[in-house]
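# Structure at a glance
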Amino acid sequence: MELLTDDPRPPGEAVDDPEPGAGPSRAARVRVLLAAALGPLVTGYAAVAAVLALITLTAERAVFSATGVLLAAGPGWLAAHQVRLDLGGHPLGVLPVLPTLGALVLAARTASGAAARLGCRSPREALPVFVTITGAHALCGLAVALGTRGSVATASPLVAFAVPGLLAALASAAGIVRCCGLPDVVAERVDPLALRGLRAGALGLAVLVAVGAGVFTVATAVSWRTVADMYEPAFGSSFGLFLLSVLYLPNAVTAALSFVTGPGFSIGDLNVGMFGYRGGAVPGVPLLGGLPEHHAAWWPALLALPAATGVLVGWSLRKVDADPAQRIRAVAVAGAVVALGCVALGSLSGGRLGDGPFDPVSVPVGVASVVAFCWIVIPGSFVAFFAGEHEPPAPPEALEDNEAFQDAEEVDADEAAQAVEEIEASEEDEEAPEEPGEDTEFEAEADAELDLEEPVLSGESGVAEDPAPPPGSVAEADEAVTGGTETCGDVEPDEPDR
């Protein structure tokens, strides 16, 4: 029985793969880009609306309104993207960092998934995904800012356009880079020491954040009775305070990190530092229940934690290179990464808080970044220098012998080159053809003498005969006198007859 879909290829032959250059169709690309543009926006807006609806439903003496929740979700979406709001003429710049981290992760995952579905293998091929996500966030922020004009919560259109677009650009670039394998390309082209320094810096920043989280947790646990008294008996109000504390938890951890490293933080008139304290009013939020009421003499002992972080960074870089100077350079790169991370965290965690006694909430970003850099570089360089390898210095005698040997090698090389040049010049002279008629007088006389001394073979006997003397010479006269008599051995000629 024949099948309707017969395969003309012989059995066992592999099926050809699709062409590598074949990609999705134009319609498929449009659908993927449209989903990448609207996906993070719809998901983020829905999450903010769900939180606001939950707070409204659980709060006492609050009337739930779906329209009011949807309208309030717009400014809430801007706040999640760190856009400063204006609430009835009072600025609100201290915005929660936790929703911002969630928005960044959502945009990065969306960009990575869209690039993978489009088959992008390089950042240039994924450029449409980057532009789509960035432009969608910027336009959405501008639309929300323009739509909320005249309401209780407003925002600057320019800020609403720029800040969400910038955050979306950073997040989508991170997702595209991860998907297209650019880290491997960068690792091949970047200096290995700098790359190790970047990794060590990320490790140091994570450890410092963990130190800040640990100090905040211990302080909250010690002051648990005060924290518990801040909650109200009503479930709705307590739930709202708890949710507010969770959203601002990264801000509190950043403030604790600044306190541990030394500079501290401030909330209005309240200023908490490692070596100084000034009291002031504190908002009644459980998140701030662990704030101290006075300075303690043992606080400087906490400086051992950032010092230990620097030691850890130096220990992780002790084997990156045999040269101590190169190891210190890697530690400096790690310190720069930590300083930049502190700048970013401090900038996101502070801001204006109305016009009351709690305004402003700030972390000294500049001082905190410089201090964090020093905490990493100073102990880290010390550990990396002494814990790593060291090449023993050469003794002076060996150094002198080495220099003399190098000088001798240079002299020998010069002499050898000169000898080679002389040999080549002599070979060229020998190979040069001699032109006729240029023999010297000495060479002509030598040739004449050789011709005179050359014996003459007589006839068939092969006996050498003296050549005939030239006419008029002394030899011809002697021959005429002797009459051509020949002498042989000791035989004397006969005496003539008298």
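Reading the values: the criteria
- Sequence order as written defines residue numbering, which begins from 1 separately in each chain.
- Two thresholds apply to this predicted model, a pLDDT of at least 70 for residue-level local features and 80 or more for giving and counting side-chain atom pairs, whereas whole-chain, interface and lining totals are computed over all residues.
- Side-chain numbers here rest on the full set of heavy atoms in the structure, without hydrogens or water.
- Secondary structure elements follow DSSP: runs of H or I of four or more residues count as helices, runs of E of two or more count as strands, with numbering from the N terminus.
- Remark: exposure states derive from per-residue accessible area (1.4 Å probe, protein chains only) relative to the maximum for the residue type, with buried under 20%, exposed over 50%, and partly exposed in between.
- Whether two residues touch is decided by their heavy atoms; if any such pair falls within 4.5 Å, the residues are in contact.
- For the area figures, the Shrake-Rupley method with a 1.4 Å probe applies, and any residue is considered shielded solely by the protein chains shown.
- Cavity: a set of points on a 1 Å grid over the protein atoms alone where a 1.4 Å probe fits but cannot get out. Pocket: an open set with protein on both sides within 12 Å along at least five of seven lines, its lining residues, like those of a cavity, having an atom within 4 Å of a point.
- Grid points are joined across faces, edges and corners, and a volume is the space filled by probe spheres set on the points.
- Note on residue categories: nonpolar means Ala, Val, Leu, Ile, Met, Phe, Trp, Tyr, Cys or Pro, charged means Asp, Glu, Lys or Arg, and polar means any other residue, Gly included.
- Nitrogen and oxygen atoms within 3.5 Å of one another constitute a polar contact, given that in protein one can donate a hydrogen and the other can accept it, and given that sequence-neighbouring residues count only through two side-chain atoms.
- In predicted models, pLDDT denotes the confidence assigned by the predictor to each residue on a 0 to 100 scale.
- Each pair of strands is called paired provided DSSP finds at least two bridges between the two strands.
- Patches were defined on residues exceeding 30% relative accessible area and lacking a salt bridge, with like-charge contacts within 9 Å and nonpolar side-chain contacts (Val, Leu, Ile, Met, Phe, Trp, Tyr) within 5 Å.
- Between Lys or Arg on one side and Asp or Glu on the other, a salt bridge is scored when a side-chain nitrogen of the former is within 4 Å of a carboxyl oxygen of the latter.
- We call a set of buried residues a nonpolar core when its members are Ala, Val, Leu, Ile, Met, Phe, Trp, Tyr or Cys and they connect through side-chain atoms within 4.5 Å of each other.
- Helix span is expected to be 1.5 Å times the residue number reduced by one.

Check the secondary structure of the protein chain and you find 16 helices and 9 strands. A burial count over the protein chain gives 32% of its 498 residues as buried. Intrachain contacts of the protein chain at a sequence separation of at least 6 include 70% that bridge at least 24 residues. Just so you have it, the protein chain exposes about 31,200 Å², and 63% of that area is on carbon and sulfur atoms.

For the rest of this paragraph, the subject is empty space enclosed by the protein. Under the definition given, this model contains 2 cavities of 30 Å³ or more. For the largest cavity, the full set of lining residues is T254, L257, S258, T261, C342, L345, V363 and A368. Sort the elements by how many residues they give to the lining of the largest cavity and helix α10 (residues 249–261) lands first, with 4 residues. Among the residues making up the lining of the largest cavity, the classes are represented as 5 nonpolar, 3 polar and no charged. Volume-wise, the second largest cavity comes out at about 50 Å³. The dominant element in the lining of the second largest cavity, judged by the number of residues it contributes, is helix α3 (residues 98–117), at 4 residues. Of the residues in the lining of the second largest cavity, the class split is 6 nonpolar, 3 polar and no charged.

By secondary structure assignment, the location of S266 is in strand β4 (residues 265–267). Along the chain, S266 and D359 lie 93 residues apart, while their C-alpha atoms are 9.3 Å from each other. When near neighbours in sequence (up to four residues on either side) are disregarded, S266 contacts N271, P360, V361 and S362. At 2.7 Å, the side chain of S266 forms a polar contact with the side chain of S362.

Attention now moves to the environment of A330. Relative to the elements of secondary structure, A330 occurs in helix α12 (residues 324–349). C-alpha of A330 to C-alpha of G197: the two residues are 133 residues apart in sequence and 4.6 Å apart in space.

Of the residues in the protein chain, 73% have a pLDDT of 70 or more, and the chain-wide mean is 80. The model gives residues 1–21 a pLDDT under 50, and that stretch makes 1 contact with residues more than four places away or in other chains. Below pLDDT 50 for its whole length, residues 472–498 participates in 6 contacts with residues either more than four positions away or in separate chains.

Strands sit in the order β6-β5-β4-β7 across an open sheet of 4 strands; the sheet is antiparallel. Looking along the sheet, the strands with just one partner apiece sit at the ends: β6 (277–278) and β7 (361–362). Where β4 lies against β7, 2 bridges are found, and the strand directions are antiparallel. Of the residues in β7, the one forming a bridge with I267 is V361.

Time to look at the sheet that holds strand β1 (residues 85–87). Read from one edge of the open sheet, 3 strands run β2-β1-β3, paired in antiparallel fashion. On the outer flanks of this sheet lie β2 (90–92) and β3 (153–154), each paired with one strand and no other. Strand direction decides the pairing type here: β1 and β2, joined by 3 bridges, are antiparallel. Bridging across to β2, D86 finds its partner in P91.

Taken together, the side chains of L98, L101, F242 and V246 present a nonpolar region at the surface, about 310 Å² in accessible area. Counting residues per element, the ones that place at least two in the nonpolar patch are α3 and α9 (235–247). As for its placement among the helices and strands, V246 is situated in helix α9. Residue V246 is classed as partly exposed on the basis of its relative accessible area of 30%.

In a soluble, globular protein the nonpolar side chains are often hidden away together inside. Counting 25 residues, the largest nonpolar core has F259 and F265 as its most contacted members. Secondary structure elements with two or more residues in this core: α7 (192–222), α10, β4 and β5 (270–272). Considering each element in turn, this core owes the most residues, 5 residues, to α10. Apart from residues lying up to four places away in sequence, F265 is in contact with A255, F259, L270, N271, V272, L291, S362, V363 and P364. Judged by nonpolar contacts, the second largest core, of 16 residues, contains A200, V320, A372 and I376.

Our focus in this paragraph is α9. Along its 13 residues, α9 runs 18 Å from first to last C-alpha, staying within 8% of the 18 Å computed at 1.5 Å per residue. Taken together, the buried positions of α9 are occupied by G236, S238, L241, L243 and S245. If you follow the buried residues of α9, they end up packed against α1 (26–58), α8 (224–230) and α10.

Attention now moves to the environment of L118. By the secondary structure assignment, L118 is in the loop between α3 and α4 (127–147). Residue classification places L118 among the buried residues on the basis of a relative accessible area of 7%. Non-local contacts of L118, meaning those with residues more than four positions away in its chain, are made with P24, R29, V32, L33 and V129.

Here we take up the pattern of salt bridges. Counted according to the given criterion, the structure contains 3 salt bridges. Across the pair R329 and D191 runs a salt bridge, and its minimum N-O distance is 2.9 Å. Highlighted residues: R329 in helix α12 and D191 in the loop between α6 (182–189) and α7, separated in sequence by 138 residues. Through salt bridges with shared partners, a single network forms among R352, D355 and D359.

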